[in-house]
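Secondary and tertiary structure notes
Given next are the chains, with one letter for each unit.
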Amino acid sequence: MLKLENLYMTVDGDNGTGREIIRGLNLEFERGKIYAITGPNGGGKTSIAKLVMGIFKPNSGQIYLNDEEITNLSISERAHRGIIYAFQQPPRFKGLTIEDLIKIARPGIDQLALRGTMRDVGLCPEDYLLRDVGPGLSGGEMKRVEIAQVLARSAEVTIFDEPEAGVDLWTIQKLIGILYSKFKDNPDSITIIITHNENILRICDEIIVIQNGLVQARGTREEIWHLIKDDVECKMKEQCGELLTYEI
Amino acid sequence: MKFDNLSLELLNTISDLTKIPEGAANIRLDGEAVIRNSSENVTITPREDGQGFIMEVKPGTRETVHVPVLLTKTGLQETVANTFIIGENSDITIIAGCGIHNPSHADSRHDGVHEFIIRPGARLKYIEKHYGQGQGKGKKIFNPTTKISLQIGASAEMEMTQIKGVDDTFRSTIAYIEDKASLKIVERLMTDGDQEAKSDVQLNIIGRGGSGQILSRSVARDKSIQVFRAALVGRVECTGHVECDSIIMDNARISSIPELVAEDSEAVLTHEAAIGKIAGEQLVKLMSLGLTEQEAVDVILDGFLR
Ligand SMILES: Nc1ncnc2c1ncn2[C@@H]1O[C@H](COP(=O)(O)OP(=O)(O)O)[C@@H](O)[C@H]1O
Ligand SMILES: [Mg+2]
């Protein structure tokens with residue numbers, strides 16, 4: 001179980017004053033479930049992921065993983081405890097190839113598994129294995145590389161931050177299939193997907209709506225669809241150029 | 001000729017050699033050519049003063065040639081001039097490089113003057129690594145001067161790397177590029193401690209359809225200082241590009257000075273220069289994959305200088 005207890009976090013705001021972006025957050029995540037975190041831009045979704053990974057430190061509050069307090073552990077220590085985060089905007093590296101990064105994510109991975117993971121995210125290994133994760137990749141390609149690392153690593157807590165952003169529809173559909181088969185009802189993993197994509201929401205067991213640094217609502221898709229419908233449809237429209245509707 | 005372990009280790013670092021190479025080769029150890037082998041199509045003859053050689057490659061030759069230099073005696077200072085004449089339509093790889101081991105308090109210095117004459121249609125790949133080791137206060141100094149002339153339709157790619165341990169370097173490179181010839185210079189440099197590195201590259205494109213490229217990647221750590229001047233001169237219709245990209249750390253100082261000179265309205269010359277520290281996001285990303293901060297820095301720098 002991953003538990004966030006009474007977390008507060010402040011960032012530097014305008015004119016030198018602190019701005020509170022997480023305001024007393026309490027959340028629990030159980031193994032065997034896929035969670036969606038959704039809600040408006042700037043609500044604090046990415047900040048929550050970074051707090052769990054250790055990239056951000058809370059001003060107060062605690063984080064526990066399986067009853068161990070990890071609030072003061074470094075990023076690498078948390079990685080070794082089994083937490084992995086797929087960045088919303090992954091950084092570029094001049095001179096490092098896609099193969100290098102996946103091998104860092106999963107030391108000792110064999111070629112077959114490496115290539116398989118790349119295909120899972122729609123990167124043909126023949127074309128991409130030795131490509132630099134540098135300025136030559138598009139935003140969508142960067143997202144796929146990011147997701148490939150996270151899939152290759154195989155952790156206890158896996159957090160994806162808008163995996164759909166910039167990725168074409170065909171790849172999203174394929175990715176959803178992979179997320180489903182890897183994480184759905186997997187008793188060993190806690191999966192958290194920050195998303196605005198309706199099809200991703202459909203494979204999640206629970207949806208958490210975050211706004212103003214707080215949980216606004218939490219429940220199954222049916223229970224809270226009325227709250228998020230506009231936001232999701234609007235995002236889908238941005239991505240697809242037209243409104244796609246699915247039966248619930 | 002038998003090398004001691006120290007020389008073999010240096011040789012391996014600068015040229016990946018684990019034994020004496022087959023084919024044409026010139027290995028200079030402590031001021032003397034200890035191996036000088038010509039092959040059927042590549043002849044290496046000593047200069048009259050003994051300080052250097054002239055290598056002549058027959059037209060149409062395809063071969064790899066090794067010409068490493070090793071300095072293991074303390075306080076040795078030398079100036080060596082080598083000339084490489086690459087015959088028409090040949091395709092040659094030259095693996096050079098210089099390793100200094102200096103455990104003492106006296107400076108060791110190797111000044112190499114290399115001249116390349118690349119005949120029409122020939123292709124050259126030149127790889128040079130500079131490396132210094134030894135704990136004493138004596139400096140390890142390299143001052144390479146390189147002159148390149150590329151004749152019609154010739155092409156060359158020159159990779160020059162200063163791996164580590166070089167205290168002081170001033171490299172000066174000047175090239176003349178004729179019709180439809182092309183030259184790409186790739187420089188990689190890392191300095192730390194109190195090291196200083198200066199590099200002056202000037203490519204003169206004097207023939208129509210010629211092209212020149214300078215790509216420089218460097219990392220400066222601690223209190224080290226780097227100064228790059230990269231100049232492209234387009235006298236005629238031609239293309240050229242300069243790219244200087246540096247990572248700065250600690251209290252280092254880097255000056256990057258690209259210069260473009262066009263003397264013809266059909267000359268297309270571009271430059272990009274960037275200096276910056278390692279981005280926090282890069283470190284955080286690699287740490288989230290389980291690396292420590294120090295490991296993350298090393299991975300980023302190794303990749304950048306690869
Ligand atoms: N490093 C930071 N420094 C300053 N403000 C930040 C930083 N990271 C996030 N914020 C602010 O915190 C708020 C929440 O951001 P974020 O967690 O990225 O939201 P979301 O992912 O829900 O869009 C936003 O107002 C954002 O501008
Ligand atoms: Mg976000």
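One structure accompanies this document, and this report is about it.

Parameters at a glance
- Residues numbered from 1 in each chain as written.
- Chains lettered and ligands numbered in written order.
- Predicted model: local features only at pLDDT ≥ 70, side-chain atom pairs only at ≥ 80, totals over all residues.
- Heavy atoms only, no water.
- Helix = DSSP H or I, 4+ residues; strand = E, 2+ residues; numbered from the N terminus.
- Buried < 20%, exposed > 50% of the residue type's maximum accessible area, 1.4 Å probe, protein only.
- Contact = heavy atoms within 4.5 Å.
- Areas by Shrake-Rupley, 256 points an atom, 1.4 Å probe, with all protein chains shown as cover.
- Rg over C-alpha atoms; globule rule 2.2 N^0.38 Å.
- Lys, Arg positive; Asp, Glu negative; His and termini not counted.
- Charge placed at Lys NZ, Arg CZ, Asp CG, Glu CD.
- Donors = N, O, S within 2.8 Å, 3.2 Å for Na, K, Ca; no water.
- Buried area = accessible area lost by both parts, 1.4 Å probe.
- Salt bridge = Lys/Arg side-chain N within 4 Å of Asp/Glu carboxyl O.
- Polar contact = N/O pair within 3.5 Å; in protein donor to acceptor, adjacent residues only side chain to side chain.
- Axes fitted to C-alpha atoms, helices over the stretch in contact; angles between N-to-C directions.
- Parallel < 35°, antiparallel > 145°, perpendicular 65-115°, else oblique.
- Left-handed = near helix turned anticlockwise from the far one by under 90°.
- Nonpolar A, V, L, I, M, F, W, Y, C, P; charged D, E, K, R; others polar.
- Near = heavy atom within 4 Å.
- Core = buried A, V, L, I, M, F, W, Y, C linked by side-chain atoms within 4.5 Å.
- 1 Å grid on protein atoms, 1.4 Å probe; cavity = no way out; pocket = protein on both sides within 12 Å on 5 of 7 lines; lining within 4 Å.
- Points joined across faces, edges and corners; volume = space filled by probe spheres on them.
- Pairing = 2+ DSSP bridges.

1. Notes on the overall build of chain A
Secondary structure summary: chain A contains nine helices and 10 strands in total. Once the C-alpha set of chain A is aligned to its principal axes, its extents read approximately 50 × 45 × 45 Å. Looking at chain A as a whole, 54% of its 248 residues are labelled buried. Within chain A, residue pairs in contact and separated by at least 24 positions form 68% of the contacts whose partners lie at least 6 positions apart. About 10,800 Å² of surface is accessible on chain A, with carbon and sulfur atoms providing 46% of the total.

2. Section: the overall build of chain B
Of the regular secondary structure elements, chain B holds three helices and 22 strands. For chain B, whose C-alpha radius of gyration is 20 Å, the value lies close to the compact-globule estimate of 19 Å for 306 residues. With 306 residues in all, chain B has 53% of them scored as buried. If you take every contact in chain B between residues at least 6 apart in sequence, the share linking residues at least 24 apart comes to 80%. Between the mean site of the 33 positive side-chain charges and the mean site of the 44 negative ones, chain B shows a separation of 1 Å.

3. Topic: the coordination of the magnesium ion (ligand 2)
All names here are of chain A. For the magnesium ion (ligand 2), the full set of protein donor atoms is Thr 46 (OG1) and Gln 88 (OE1), and the range of their distances to it is 2.0 to 2.2 Å. With a gap of 42 residues between them, Thr 46 in helix H1 (residues 45–53) and Gln 88 in the loop between strand E6 (83–86) and helix H3 (98–105) connect regions that are remote in the sequence. For Gln 88, a relative accessible area of 28% corresponds to the partly exposed category.

4. Considerations on the interface of chain A and chain B
Across the boundary between the two partners, chain A contributes 26 residues, which contact 18 residues of chain B. In this assembly, chain A packs against chain B so that about 1,800 Å² is buried in total across both faces, 62% of it on carbon and sulfur atoms. Contact with chain B buries surface across chain A, with Phe 93, Lys 94 and Ile 104 of chain A losing the most and accounting together for 30% of the total. In this assembly, chain A and chain B are joined by four salt bridges. A salt bridge links Arg 306 of chain B to Asp 100 of chain A, with the nearest nitrogen and oxygen atoms 2.5 Å apart. One can count nine residue pairs in polar contact (both at pLDDT 80 or more) joining chain A with chain B.

5. What to know about the packing of helix H6 (residues 139–153) of chain A against helix H7 (residues 169–183) of chain A
All names here are of chain A. Where H6 contacts H7, the axes come no closer than 13 Å and their chain directions differ by 10°. By the angle between their directions, the pair H6 and H7 is classed as roughly parallel. The element H6 and its partner H7 pack so that their crossing is left-handed. Where H6 abuts H7, its residues Arg 144, Ile 147 and Leu 151 lie against Thr 171, Leu 175, Ile 178, Leu 179, Lys 182 and Phe 183. Of the residues in the contact of H6 with H7, the class split is six nonpolar, one polar and two charged.

6. Focus on the site of ligand 1
All names here are of chain A. Near ligand 1 the following residues occur: Val 11, Arg 19, Ile 21, Pro 40, Asn 41, Gly 42, Gly 43, Gly 44, Lys 45, Thr 46, Ser 47 and Phe 56. A distance of 3.3 Å separates an oxygen atom of ligand 1 from a polar side-chain atom of Arg 19. When the free accessible area of ligand 1 is taken as 560 Å², the share hidden by the protein chains comes to 66%. Of all the elements in the fold, those that place two or more residues in the shell around ligand 1 are strand E2 (18–29) and H1.

7. With respect to the pattern of salt bridges
Counted under the stated rule, the structure contains 28 salt bridges over all chains. When the shortest N-O distance is used, the salt bridge between Asp 245 of chain B and Lys 94 of chain A registers 2.4 Å. Here Lys 94 of chain A lies in the loop between E6 and H3 and Asp 245 of chain B lies in strand E20 (residues 238–248), a pairing that spans two chains. On the accessibility criterion, Asp 245 of chain B (9% relative accessible area) is buried.

8. What to know about the nonpolar core
Membership of the largest hydrophobic core comes to 98 residues, with the highest contact counts inside it found for Leu 2, Leu 4, Phe 29 and Phe 160 of chain A together with Leu 286 of chain B. Setting aside anything within four residues of it in sequence, one finds Leu 286 of chain B in contact with Phe 93, Leu 101 and Ile 104 of chain A together with Leu 291, Ala 296, Val 299 and Ile 300 of chain B. Core analysis: the next-biggest nonpolar cluster, separate from the first, contains 40 residues, Val 67, Tyr 126, Met 160 and Ala 181 of chain B among them.

9. Points about empty space enclosed by the protein
All names here are of chain B. Throughout the structure, instances matching the rule amount to two cavities of 30 Å³ or more. Empty space within the largest cavity amounts to approximately 180 Å³. Surrounding the largest cavity, 21 residues form its lining, Val 69, Asn 82, His 110, His 114 and Glu 128 being those nearest its centre. Every element with two or more residues in the lining of the largest cavity is listed here: strand E1 (25–29), strand E7 (77–86), strand E10 (108–118), strand E11 (123–133) and strand E13 (145–150). Here the second largest cavity defines a volume of roughly 40 Å³.

10. Looking at the sheet that holds strand E1 (residues 2–12) of chain A
Residues and elements named next belong to chain A. Spatial strand order, E2-E1-E4-E5: four strands in an open sheet with antiparallel pairing. The open sheet is flanked by E2 and strand E5 (68–69), the only strands paired with a single partner. As paired elements, strand E4 (residues 60–65) and E5 share two bridges and run antiparallel to each other. Within the sheet, the bridge partner assigned to Leu 65 lies in E5 and is Glu 68. Helix-sheet contacts for H1 involve E1, E2 and E4, and the interaxial angle to E1 is about 115°.

11. A short note on the sheet that holds strand E10 (residues 214–219) of chain A
Residues and elements named next belong to chain A. If you trace the six strands from one edge of the open sheet to the other, you get E6-E7-E8-E3-E9-E10, paired in mixed fashion. Looking along the sheet, the strands with just one partner apiece sit at the ends: E6 and E10. Averaged over all pairs of adjacent strands, the angle between their axes in this sheet comes to 20°, without regard to strand direction. Sheet topology note: the strand E9 (residues 206–211)/E10 ladder contains five bridges and is antiparallel. Pairing of Ile 210 across the sheet is with Val 215, part of E10. Most of the contacts of H7 go to strand E7 (residues 157–161), to which it runs at about 165°, and overall it touches strand E3 (34–38), E7 and strand E8 (190–194).

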